Amino acid sequence: MAGGGPLFLLLWLFSAGVLLSCEASVHDYGSRRFAVKGNAFVLHGGSEGLYTAAPSPNSSAPASGNSFIRFEKITFRRPKEAAAKQKNAGTVKAIIFEVEDRKNIGGSAYGGQRAICCTADLAKLGACTQGTIIYRHSDHSPDWPQVLSASFKGSNPEATLPSKTIQITRTGMYNLYFIFCDPSLEGLQIQGKTIWKNPTGYLPGSMRPLMKFYGLMSLAFLMLGICWFSQYARFWTEVMPVQNCITLVIALGMIETTLWYFEYAELNHTGIRPKEITFWAVTFGAVKRTVSRVLVLIVSMGYGVVRPTLGGLTSNVTLLGGTFFGASEILELVENVGAVSDVSRKPRLFLALPVAVLDAFFIIWIFTSLSKTLKRLQARRMSGKLEIYRKFTYALIVTVLVSVACIGFELYFKATDAYGERWRSAWIISALWQVLSFSLLCAICALWAPSQNSMRFAYLDDGSEDFDQEDSRSLIKPLPYSYKDSWSFSVSSDVKRMRKFDTAAPKDDENEEEKTE
């Protein structure tokens, strides 16, 4: 435990840093910086799915139930050197467009490289004015994209965007970018925020189905918990160690799904992501996934059924579970405890890779252990336990096959939807994994449900189910098969019969001697 202290301290500090920087449908730009994209300086202001709302009778203010994007006190500050050298120079624009109109932003001369700011070649063609941002109006609506401008005047180092509310009258994925083309404004700072709202609340459109989904999942866990805990309380004297682990997983699932529901509900109501609820939802989810995988692994090893302890494997299982928890916790914090807009793909891939590798290690170890357990049960003709483990194997095989199909679907979905055009279906990916893990949990609950005959499938210390030494030895270092161990096991029953025969032999000899006399 002493060696794991720095790891958990680092994890906690990272978590605190993510919590302090998280946002929601209220996009705050206080710590953001412009990035160079081609010949322009760009800052991504947000991307959210917004649903259509009926137009408000009063166009000056959004009515309740309308979708809108509102700009509030957005100010740009240029460096003092730039303000002193160039007066009345520099303009920053905020451009809002629907993802289907993304090709209307920027242009190219003679089919060359696409540029956001007008180049000299494009200016010669009369397509635009050099140094300005290139955009064309949408074919669907002449009012889009929406463009707001802030210009620097005199030596004033600040320029302010006009506060404005833009009504959304067409369902789609909307993107906001702040752009300037003047290189003298490099180092520009931004302050202020935008507020994005859907007809039913501040929850982004891609997250809205998840609130209902987690509400249903919390009810499903509640029903499963009622059924399981009633059996657990009824036959508590017959409970096996494995069933205690199942009880813990059900309790963690109930807490996790409930926290996610309230997290989305709070975000939908206030527009600000509740940092504490999100953190604990992520943490309980990481704990549940870790305990679930460890549970499947130790069941595959036969813990509580064909062996009383894990023996020398305990430290290895603990190390694998602790590493998986740390990697999963960090990945989920980055993906969920942050801004609504997606984080860049590179850090997500970097953080997702260790989780994928550890998952693969879990799967290999599970099926390797399960194969050994099945062979031993079959060799010892334990038909009751063997039947349960065969059903458990079938459930795992189906789960792995469905998981592979889900991974393929997720890769295809993300590869063919780079711009988020299918945002209304994105929630299905998260829902699939939740449903799959819940289905496997239900299958395990059905196989190991507490009953009056539970102890019939528990480990019995009769000397015939001692697997600890062999498994520990094979995991640490492969050794050749011991003839001495095999001989001692195979002849043990013969020795017992020989001993019985030897003790009976003198009596027979004595009877024969009496008869001869």
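Small disclaimer: the values here were computed from a predicted structure and weren't measured.

Moving on to the overall build of the protein chain. Within the protein chain, the secondary structure is distributed over 13 helices and 10 strands. Within the span of the protein chain, comprising 517 residues, buried residues form 43% of the whole. If you take every contact in the protein chain between residues at least 6 apart in sequence, the share linking residues at least 24 apart comes to 77%. In the structure as shown, the protein chain presents an accessible area of about 28,200 Å², 60% of it carried by carbon and sulfur atoms.

Of the two faces of strand E6 (residues 146-151), only the one carrying Gln-146, Leu-148 and Ala-150 is buried; Val-147, Ser-149 and Ser-151 on the other face are not. Relative to E6, strand E5 (residues 91-98) runs antiparallel, the two being bridged by 6 bridges. Counterpart to Ala-94 in the pairing with E6 is Leu-148.

For the structure on display, the rule yields 10 salt bridges. Arg-170 is the salt-bridge partner of Glu-100, the closest N and O atoms lying 3.1 Å from each other. Highlighted residues: Glu-100 in the loop between E5 and helix H3 (120-124) and Arg-170 in the loop between strand E8 (164-167) and strand E9 (172-180), separated in sequence by 70 residues. Taking the relative accessible area as the measure of exposure, Glu-100 reaches 46% and is therefore partly exposed. Exposure remark for Arg-170: the relative accessible area of 29% places this residue in the partly exposed category. A salt bridge links Arg-273 to Glu-263; the nearest nitrogen and oxygen atoms lie 2.4 Å apart.

The predicted model of the protein chain averages 77 in pLDDT, with 75% of residues at 70 or higher. Confidence drops under pLDDT 50 across residues 1-24; counting only partners more than four residues distant or on other chains, this segment forms 29 contacts. Long-range and interchain partners of residues 463-517, a stretch whose pLDDT sits below 50, account for 34 contacts in this model, where long-range means more than four residues apart.

By the definition in use, this model includes 2 disulfides. Disulfide partner of Cys-117: Cys-181, at an S-S distance of 1.9 Å. Its torsion about the S-S bond being -90 degrees, the disulfide of Cys-117 and Cys-181 is classed as left-handed. Here Cys-117, found in the loop between E5 and H3, pairs with Cys-181, found in the loop between E9 and strand E10 (189-197); they are 64 residues apart in sequence, far enough to count as distant.

This paragraph deals with the packing of aromatic side chains. Under the defined criterion, the tally for this structure stands at 22 aromatic pairs. Aromatic pair Tyr-51 and Trp-423: ring centres 5.0 Å apart, planes at 70 degrees, arrangement edge-to-face. Here Tyr-51, found in the loop between strand E3 (40-50) and strand E4 (68-77), pairs with Trp-423, found in the loop between helix H9 (383-415) and helix H10 (427-447); they are 372 residues apart in sequence, far enough to count as distant. Like Tyr-51, the residue Trp-423 is buried in the burial classification. Plain terms: the ring middles of Tyr-389 and Trp-448 are 5.9 Å apart, the flat faces sit at 85 degrees to each other, and that makes the pair edge-to-face. Of this pair, Tyr-389 sits in helix H9 while Trp-448 sits in the loop between H10 and helix H11 (468-476), and the two are 59 residues apart along the sequence.

Looking now at unusual backbone geometry. If a residue is not glycine, its phi is most likely negative; likewise, a peptide bond is most likely trans. The omega angle of the peptide bond from Trp-144 to Pro-145 is 0 degrees, so this bond is cis rather than trans. By the element assignment, Pro-145 lies in the loop between H3 and E6. Positive phi values are uncommon outside glycine, yet Lys-73 reaches one of about 50 degrees. Its place among the elements puts Lys-73 in strand E4. Taking the relative accessible area as the measure of exposure, Lys-73 reaches 69% and is therefore exposed.

Once that is clear, we can look at the UniProt feature "transmembrane region" (unreviewed entry) in the protein chain. When the UniProt feature table is mapped onto this chain, "transmembrane region" (unreviewed entry) is found at residues 213-233, 245-262, 349-371, 392-413 and 425-449. In residues 213-233, helix accounts for 100% and strand for 0%; the two terminal C-alpha atoms are 30 Å from one another. The span residues 425-449 shows a helical share of 84% and a strand share of 0%, and its end C-alpha atoms are spaced 36 Å apart.

Below, the discussion takes up the nonpolar core. Side chains that are nonpolar tend, in soluble globular proteins, to be buried together. If you look at the biggest cluster of nonpolar residues, it comprises 63 residues, and the most contacted ones within it are Ile-246, Tyr-264, Val-317, Tyr-389, Phe-392, Leu-441 and Trp-448. At the level of secondary structure, the elements contributing two or more residues to this core comprise helix H4 (208-234), helix H5 (241-270), helix H6 (275-301), helix H7 (314-336), helix H8 (345-379), H9 and H10. Per-element accounting of this core gives the leading share, 10 residues, to H6. Judged by nonpolar contacts, the second largest core, of 28 residues, contains Tyr-29, Phe-152, Ile-166 and Leu-185.

Time to look at the environment of Ile-179. Tracing the chain through its elements places Ile-179 in strand E9. The exposure class assigned to Ile-179 is buried, which follows from its relative accessible area of 4%. For the pair Ile-179 and Val-36, spaced 143 residues apart in sequence, the C-alpha separation works out to 9.9 Å. Not counting the four nearest positions on each side in its chain, Ile-179 is found in contact with Phe-34, Ala-40, Phe-41, Val-42, Thr-91, Val-92, Lys-93, Ile-95, Ile-116 and Ile-133.

Take the sheet that holds strand E2 (residues 35-37) next. Pairing between the strands of a sheet is mediated by backbone hydrogen bonds and can be parallel or antiparallel. The strand order E2-E3-E9-E5-E6 describes an open sheet built from 5 strands, whose pairing is antiparallel. This sheet does not close on itself; its edge strands, each paired only once, are E2 and E6. Recorded for the sheet is a direction-independent mean angle of 30 degrees between the axes of neighbouring strands.

Right, let's talk about H4 for a bit. In an α-helix, one turn spans 3.6 residues; hence positions three or four apart end up facing the same way. Spanning 27 residues, H4 covers 40 Å between terminal C-alpha atoms, matching the ideal 39 Å at 1.5 Å per step. Those residues of H4 that fall on the buried side of the exposure criterion are Leu-210, Met-211, Phe-213, Tyr-214, Gly-215, Met-217, Ser-218, Phe-221, Leu-224, Gly-225 and Trp-228.

Relative to the helices and strands, Ile-105 resides in the loop between E5 and H3. Along the backbone, Ile-105 and His-137 are 32 residues apart, and their C-alpha atoms lie at a distance of 9.1 Å.

Definitions and cut-offs
- Residues numbered from 1 in each chain as written.
- Predicted model: local features only at pLDDT ≥ 70, side-chain atom pairs only at ≥ 80, totals over all residues.
- Heavy atoms only, no water.
- Helix = DSSP H or I, 4+ residues; strand = E, 2+ residues; numbered from the N terminus.
- Buried < 20%, exposed > 50% of the residue type's maximum accessible area, 1.4 Å probe, protein only.
- Contact = heavy atoms within 4.5 Å.
- Areas by Shrake-Rupley, 256 points an atom, 1.4 Å probe, with all protein chains shown as cover.
- Pairing = 2+ DSSP bridges.
- Salt bridge = Lys/Arg side-chain N within 4 Å of Asp/Glu carboxyl O.
- pLDDT = per-residue confidence, 0-100.
- Disulfide = S-S within 2.5 Å.
- Phe/Tyr/Trp six-rings, centres within 6.5 Å; stacked < 30°, edge-to-face > 60°.
- UniProt positions renumbered as here; feature names shortened; annotations may be inferred.
- Core = buried A, V, L, I, M, F, W, Y, C linked by side-chain atoms within 4.5 Å.
- Axes fitted to C-alpha atoms, helices over the stretch in contact; angles between N-to-C directions.
- Expected span 1.5 Å × (residues − 1).

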